[in-house]
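# Fold and geometry: a report
The lines below spell out each chain.
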Amino acid sequence: MSFEFIENGSVTTPSGFLASGVTAGFKRSGAPDFAMVKSEVPAEFAGVFTSCTFAAAPVQICKKRVQESRRLQAVIINSGNANACTGKPGLEAAEKSCAIAAAALNIPADTIAVASTGRIGVQMNMELIECGVNLAVPALSADGGNRAAEAIMTTDTVPKAAAVKVSVNGKTFTIGAMTKGAGMIDPHLTTPHATMICIASTDAAISKAQLQKILQTNADASFNRITVDGDMSTNDTVLLLANGVSGVEIIPESEEEAAFAEALLALMQNLARRMVLDGEGATKFVEVRIKHARSEKDAKLAAEAVANSLLCKTAWFGNDPNWGRVVAALGYSGARLDPDKCDIYLDDIPVVKNGGDAGTPEADLLNTVKQREYTITCDFNDGDAEYWVWSSDVSYEYVKINADYHT
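Read on for a plain summary of the structure. (Residues numbered from 1 in each chain as written. Predicted model: local features only at pLDDT ≥ 70, side-chain atom pairs only at ≥ 80, totals over all residues. Heavy atoms only, no water.)

So, on to helix H9 (residues 323–332). The complete set of buried residues in H9 reads Val326, Ala329 and Leu330. End-on, the buried residues of H9 take up no more than an arc of 100°, which puts them together on one face. Of the residues in H9, the exposed ones pointing more than 90 degrees away from the buried face are Gly331 and Tyr332. A positive phi of about 95° marks glycine 334, the residue just after H9. (Buried < 20%, exposed > 50% of the residue type's maximum accessible area, 1.4 Å probe, protein only. Helix = DSSP H or I, 4+ residues; strand = E, 2+ residues; numbered from the N terminus. Arc of directions from axis to C-beta.)

Relative to strand E16 (residues 373–379), strand E13 (residues 343–346) is paired through four bridges, and the arrangement is antiparallel. Directly across from aspartate 343, in E16, lies its bridge partner aspartate 379. Summarising the sheet, E13 and strand E14 (residues 349–353) pair through three bridges and their orientation is antiparallel. Of the residues in E14, the one forming a bridge with tyrosine 345 is proline 350. Counting the residues that bridge the hairpin from E13 to E14 gives two residues, and of these aspartate 347 lies at a positive phi of roughly 55°. (Pairing = 2+ DSSP bridges.)

Let's shift gears to the packing of aromatic side chains. The final tally for this structure, using the stated rule, is five aromatic pairs. For the ring pair phenylalanine 3 and phenylalanine 5, a centre distance of 6.4 Å and an interplane angle of 75° mean the geometry is edge-to-face. With a centroid separation of 6.0 Å and 35° between ring planes, the pair formed by phenylalanine 173 and phenylalanine 260 is classed as tilted. You'll find phenylalanine 173 and phenylalanine 260 in the same group, each marked buried. Of the aromatic side chains, those joined through ring pairs into one cluster are Phe285, Trp388 and Trp390. Here the basic side chain of arginine 225 rests over the ring of tyrosine 387, its NZ or CZ set 3.7 Å away from the ring centre. The ring of phenylalanine 285 carries the charged tip of arginine 273 above its face, separated from the ring centre by 4.6 Å. (Phe/Tyr/Trp six-rings, centres within 6.5 Å; stacked < 30°, edge-to-face > 60°. Lys NZ or Arg CZ within 6 Å of the ring centre and 35° of its normal.)

Structural measurements only, silent on function.
Structure representation (structure tokens):
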């Protein structure tokens, strides 16, 4: 089995998917701010969402769709209003948004999902939703995926879309996706019980149960491994639609299922990585990797503590190889570790040995920390568990973007 990324791939690269991105008026800038993705036939689907207690109205509607709807056929996304913390009127607005789209597409409202991103606490302007739908439906196109990716951006500087072609046992199918997110990024996506939004599609035929299992597993190894600022959004949403148009059936526990899961993970990690690289004001991409921990829980606690440490993130921005901030974060993380066994490396250069200075001259570390990307490896030498997180630095620009966000 094999897969390859498709040049300029998007959510509409898989057969039978259409998309559009239009300007409805949510953004004062006049930039595109309303997207629609539609499968030409009803699709199996799955979703994972924010675990934030203040989950936005569209997230609540999407969870309801996953729990109650047999198929999904379209998704609408607006950028500029999160429709979060808006109470009953917000829920009614999210449902009405689906109803408006359903009437325009001539499909049932419960086959439409809705996602939103933008400012929290503002009631939805339904006139803008109607405008977006009226513009988006006639603009639907098999090559509209990249325009849709542009329309869901908020503080993102570039649209993010990709697709992979999968070949297994002489059969071929495609998976595509688009995502947005540059700030308020530290997802903890769970199955149903500024923001990252991902809409993925495939022309493979695969059951809802399979999709849900694979999507959750892959989210834990992609979007749940990234952080820009340590803040989880009220609106994090990942939806995956499978319309079966390719005719390739994905049988449970088959080679085809393994190939599907592997390719989807590569796609999700590609987009997750691009989200961190495009983090608000980010100048660095830093992988924090924990090795030889006593348990994955310990490794995760340690990796996330370093990845979210403001002192570490500002040091990264300042090209400062200050390993003292790393060991401090490890120490307060709650992870079980023996400081006297701990080694730390910047890429392959030792900076800490047995819990103390490894003796590497600071000048030798400067070339590494000046790089756009590098890895901090913390080896606990105390077990077999590993964990990694992708993070970015915190710059002056990050503060400016978020200080000026409302105004």
